[in-house]
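Tertiary structure, described
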Amino acid sequence: MSRRILAVVALSFALGVLAAPATGADEKETALKAKVKQLVEQLGDPDKKKQEVAVKELIQLGPDILPLLPKAGTPIKAAQGKNLEVVIEALQQAQARQSLVPRLVTLQGDAIPVSQALQEIARQTEIEVEDQRQNAGDVRLKLDLKGVTFWQALDAVAREADARVYPYRGGKVALVDGPHHQMPTSYHGIFRVAIKRIAAVRDLETDAHFYIALMEVAWEPRFRPFLLDTRPQSLVVKDDKDRILPVPDEGGGKAPVENPIAMTIEMRLPAPDRSAKKFALVKGSLAAVGPSKMLEFVFGPLDQLLTNVQAREQTQEGITVRLAQPVLDRVWRLDVTLVYPPDGPDFESFQSWLVNNEIYLLKEKTGDRFPNNGGYATDAIARNRASITYYFIEEKKLPRGKPSDWKVVYRTPGAIVEIPVPFEFKDLMLP
């Protein structure tokens, strides 16, 4: 057989392989598309029980099917549209929660310097911890951490270094001087709930006797909640004889979160018999409402934004950020309009919404940042739309230079979720 014939045979074989029917992953994807299409049709079935089954099965398929669902504007039956809203909301919530899975730490050694431990935690979790200890030295730690959460790892470092964890440094967590005191602490996912104080109270007006526990709720810095429960839900309290104590219903409600990483709340606990020395169990749950992640929009440079209208608007995950023409006078001014989906958050209800937004000018060549040091003003807030004006003032330490040097970076919350924060404490000693 000639070389030419061999070449033709080889080429034909290669083309045959490339054109072969899809198998494996492709077959699964095809089957999934068919399954989703069938279930979407079933959402409009006259039998409501079949509709309910279709809703349940679509939700069970998970967030990966979101791109396979009918797009907005697709002609569908009224029942399909109503059921699709339920499915999409559930899947979007599940998708958002997936992005808030805790980042785990593994760190083992008999003589790990504090600086190295903090660097390794930052590498594995992308969370920087500032070492604010004074003259404590780079002491060496004995650590045996296997797949623990960020907060568990940091508490272990603090314990070994005789230091304290301080989550109130303007969006960052710090290690500060000790001495270290072990607080009752409960960990769940990205959350850490610690009891900082327990006090006995006697109300002389009502002759009521109870306890107040001050709880500190902290979360990984990448989560920026707007609201947090002020009263625990499903609270269970047992005395040291394992008897369940009656817990009065105090109602509930959520309060705005003002600190980026932690918040303290007071928990009222029923008083056990005077002979009791501890609570055998305190168990309950809180809920935090906030974005699953922060979305980052990059515009510019500024000189191009003066003339290019199209460059002033971007959309991510259904959220639109729109800039007006920049005003580059003595004080630079940027007007920003946020537009969220109709089923998104209610700006009028989330009082701390704008606090979580961030804007700065970025000089890409050097990485320098110019913050909105002139503050901001809220021009208008509607249910799912807000307009804000940001100001940038030149200072000696902040020379602005040319508009062409700067891009605009805007960070705003993505999909809003409600995250449960269960906690459990055992053997809480009474004062």
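As the structure is a computational prediction, the values presented were derived from the model and not from experiment. (Residues numbered from 1 in each chain as written. Predicted model: local features only at pLDDT ≥ 70, side-chain atom pairs only at ≥ 80, totals over all residues. Heavy atoms only, no water.)

1. Thoughts on the overall build of the chain
- Counting its regular elements, the chain contains seven helices and 24 strands.
- In terms of C-alpha radius of gyration, the chain reaches 28 Å, well past the compact-globule figure of 22 Å for 431 residues.
- The dimensions of the chain, computed from C-alpha atoms along their principal axes, are 95 × 70 × 60 Å.
- In the chain, of all internal contacts separated by at least 6 residues, the share reaching a separation of at least 24 is 68%.
- For the chain, the accessible area works out to roughly 23800 Å², and carbon and sulfur atoms hold 50% of it.
- Looking at charge distribution, the chain has the averaged site of its 57 positive side-chain charges lying 3 Å from that of its 56 negative ones. (Helix = DSSP H or I, 4+ residues; strand = E, 2+ residues; numbered from the N terminus. Rg over C-alpha atoms; globule rule 2.2 N^0.38 Å. Contact = heavy atoms within 4.5 Å. Areas by Shrake-Rupley, 256 points an atom, 1.4 Å probe, with all protein chains shown as cover. Lys, Arg positive; Asp, Glu negative; His and termini not counted. Charge placed at Lys NZ, Arg CZ, Asp CG, Glu CD.)

2. Thoughts on the sheet that holds strand β2 (residues 129-131)
- On the basis of which strands lie adjacent, the open sheet formed by three strands has the order β2-β5-β4 and mixed pairing. With one partner strand each, in any of the chains shown, β2 and β4 (163-166) form the two edges of the open sheet. Across the sheet, the mean angle from the axis of one strand to that of its neighbour is 30 degrees, orientation sign disregarded.
- Direction of pairing for β4 relative to strand β5 (residues 173-177): antiparallel, over a ladder of four bridges. Across the sheet, Tyr166 pairs through a bridge with Ala174, a residue of β5. (Pairing = 2+ DSSP bridges. Axes fitted to C-alpha atoms, helices over the stretch in contact; angles between N-to-C directions.)

3. Description of the pairing of strand β21 (residues 376-381)
- When β21 meets strand β22 (residues 385-393), the two strands line up antiparallel, connected through five bridges. What sits directly across from Thr378, in β22, is Ile388.
- Here β21 folds back onto β22 in antiparallel fashion, the turn holding three residues.

4. Overview of the nonpolar core
- In this structure, Phe191, Met215, Met267, Leu269, Phe279, Val282 and Phe423 are the most contacted members of the largest nonpolar core, which totals 34 residues.
- Those elements that place two or more of their residues in this core are β7 (191-203), β8 (208-219), β10 (233-239), β12 (262-270), β13 (278-291) and β24 (416-429).
- Of all the elements, β24 adds the most residues to this core, at six residues.
- Residues within four places of Met215 in sequence aside, it is in contact with Val193, Ala194, Ile195, Pro232, Met263, Thr264, Ile265, Met267, Leu286, Phe423 and Phe425.
- Val105, Ile112, Ala117 and Leu118 belong to the second largest nonpolar core, which has 28 residues in total. (Core = buried A, V, L, I, M, F, W, Y, C linked by side-chain atoms within 4.5 Å. Buried < 20%, exposed > 50% of the residue type's maximum accessible area, 1.4 Å probe, protein only.)

5. Some words on the packing of helix α2 (residues 25-42) against helix α3 (residues 48-61)
- Relative to each other, α2 and α3 sit at 150 degrees, their axes nearing to 8 Å. Relative to α3, the crossing made by α2 is left-handed. Only Lys50, Gln51, Val53, Ala54, Glu57, Leu58 and Leu61 of α3 make contact with α2, whose side of the interface consists of Leu32, Lys35, Val36, Leu39, Val40 and Gln42.
- Of the residues belonging to the contact of α2 with α3, the class tally is eight nonpolar, two polar and three charged. (Left-handed = near helix turned anticlockwise from the far one by under 90°. Nonpolar A, V, L, I, M, F, W, Y, C, P; charged D, E, K, R; others polar.)

6. What to know about the pattern of salt bridges
- Considering all chains together, one arrives at 25 salt bridges under this definition.
- Its salt-bridge partner being Lys407, residue Glu364 comes within 3.5 Å of it at the nearest N-O pair. With a gap of 43 residues between them, Glu364 in the loop between β19 (358-363) and β20 (368-371) and Lys407 in strand β23 (residues 407-413) connect regions that are remote in the sequence.
- For Glu424, the salt bridge is made with Lys426, and the minimal N-O distance between the two is 3.7 Å.
- On the accessibility criterion, Glu424 (34% relative accessible area) is partly exposed.
- Members of the salt-bridge network, linked through shared partners, are Glu128, Glu130, Arg169 and Lys172. (Salt bridge = Lys/Arg side-chain N within 4 Å of Asp/Glu carboxyl O.)

7. Concerning the layout of surface pockets
- Space inside the second largest pocket adds up to approximately 590 Å³.
- Around the second largest pocket, the lining comprises 20 residues; the ones closest to its centre are Gly171, Pro221, Arg222, Arg224 and Arg411.
- For the lining of the second largest pocket, a count of residues per class yields five nonpolar, six polar and nine charged. (1 Å grid on protein atoms, 1.4 Å probe; cavity = no way out; pocket = protein on both sides within 12 Å on 5 of 7 lines; lining within 4 Å. Points joined across faces, edges and corners; volume = space filled by probe spheres on them.)

8. Notes on the side chain of Thr149
- Here Thr149 shows up in strand β3 (residues 140-149).
- Taking relative accessible area as the criterion, Thr149 reaches 9% and is therefore assigned buried.
- In this structure Thr149 touches Pro102, Arg103, Leu104, Tyr187 and Gly189, once residues within four positions along its chain are discounted.

9. A few points about the packing of aromatic side chains
- A complete count under the given rule lists nine aromatic pairs for this structure.
- Geometrically, the ring pair formed by Phe370 and Trp406 is edge-to-face, given 5.9 Å between the ring centres and 80 degrees between the ring planes. Placement of the pair is Phe370 in strand β20 and Trp406 in the loop between β22 and β23, with a sequence separation of 36 residues. Residues Phe370 and Trp406 agree in their burial class; the two are buried.
- A ring pair is formed by Phe423 and Phe425, whose centres lie 5.8 Å apart and whose planes are at 35 degrees; its orientation type is tilted.
- Assessed through its relative accessible area of 3%, Phe425 is described here as buried. (Phe/Tyr/Trp six-rings, centres within 6.5 Å; stacked < 30°, edge-to-face > 60°.)

10. Here's the deal with helix α6 (residues 150-160)
- α6 sits mainly inside the fold: eight of its eleven residues count as buried.
- Along α6, the residues that are buried comprise Phe150, Trp151, Ala153, Leu154, Asp155, Ala156, Val157 and Ala158.

11. Regarding the packing of helix α5 (residues 114-125) against α6
- Axis separation between α5 and α6 bottoms out at 11 Å; the angle between their running directions is 180 degrees. Considered as vectors, α5 and α6 are oriented roughly antiparallel to each other. Of the residues in α6, those in contact with Ala117, Leu118, Ile121 and Thr125 of α5 are Phe150, Ala153, Leu154 and Val157.
- Taken together, the residues of the contact of α5 with α6 sort by class into seven nonpolar, one polar and no charged. (Parallel < 35°, antiparallel > 145°, perpendicular 65-115°, else oblique.)

12. Focus: α3
- With 14 residues, α3 should cover 20 Å at 1.5 Å per step; its first-to-last C-alpha distance of 20 Å lies within 8% of that length.
- Capping the start of α3 is the job of one residue whose side-chain oxygen sits 2.9 Å from the backbone nitrogen of Lys49: Asp47. (Expected span 1.5 Å × (residues − 1). Polar contact = N/O pair within 3.5 Å; in protein donor to acceptor, adjacent residues only side chain to side chain.)

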